[in-house]
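Structural overview
Listed below, chain by chain, are the residues.
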Amino acid sequence: MHNACRHRYRAAFLLCRRHRIDLNLLHDHDPAAFVDNLRDFVSQVRDVDFLNLFLTGLKDEDVTATMYRPLVLDSSTRCARCPPPALLPSPLNRLAPHLVVRH
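Residues numbered from 1 in each chain as written. Predicted model: local features only at pLDDT ≥ 70, side-chain atom pairs only at ≥ 80, totals over all residues. Heavy atoms only, no water.

Description of the overall build of the protein
In terms of helices and strands, the protein carries eight helices and zero strands. Across the 103 residues that make up the protein, the buried fraction comes to 36%. About 6600 Å² of surface is accessible on the protein, with carbon and sulfur atoms providing 55% of the total. (Helix = DSSP H or I, 4+ residues; strand = E, 2+ residues; numbered from the N terminus. Buried < 20%, exposed > 50% of the residue type's maximum accessible area, 1.4 Å probe, protein only. Areas by Shrake-Rupley, 256 points an atom, 1.4 Å probe, with all protein chains shown as cover.)

Quick look at the structure:
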């Protein structure tokens, strides 16, 4: 998740996709930073099919606390700037207001 920590979202997205890593990890490893940098995520990923893939795969589950818990708890695999997992509202509910297209 070092690419995501450095806000290199396209590289992080492509790496997750290539290795079949759950894309929720891009949001769940640091939800506050992800929301703050959502505009960067959208502009870097660009491809509407990739953005749809990301949005349709969002879960209410925090994958850092479930599927990838052993990796997140291991401090050697977590970058120093990434916070530990936290309980937050649904990712889709948090991200949707920021993704509204205004004409």
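Concerning the packing of helix α2 (residues 9–18) against helix α6 (residues 48–57)
The geometry of α2 relative to α6 is characterised by a closest axis approach of 12 Å and an angle of 70° between their N-to-C directions. By the criterion of interaxial angle, the relationship of α2 to α6 is roughly perpendicular. In terms of crossing hand, the pair formed by α2 and α6 is left-handed. From α2, Phe13, Leu14 and Arg17 reach across to α6, where they touch Phe50, Leu53 and Phe54. (Axes fitted to C-alpha atoms, helices over the stretch in contact; angles between N-to-C directions. Parallel < 35°, antiparallel > 145°, perpendicular 65-115°, else oblique. Left-handed = near helix turned anticlockwise from the far one by under 90°. Contact = heavy atoms within 4.5 Å.)

Here's the deal with the environment of alanine 11
Summarising the element assignment, alanine 11 is placed in helix α2. When the C-alpha positions of alanine 11 and glutamine 44 are compared, they lie 8.7 Å apart, and in sequence the two are 33 residues distant.

A look at helix α5 (residues 38–45)
Where α5 is concerned, the buried positions are Leu38, Phe41 and Val45. The buried residues of α5 all sit within an arc of 55° when viewed along its axis, so they share a single face. Taken from the residues just after α5, arginine 46 is the one with a positive phi, measuring 60°. (Arc of directions from axis to C-beta.)

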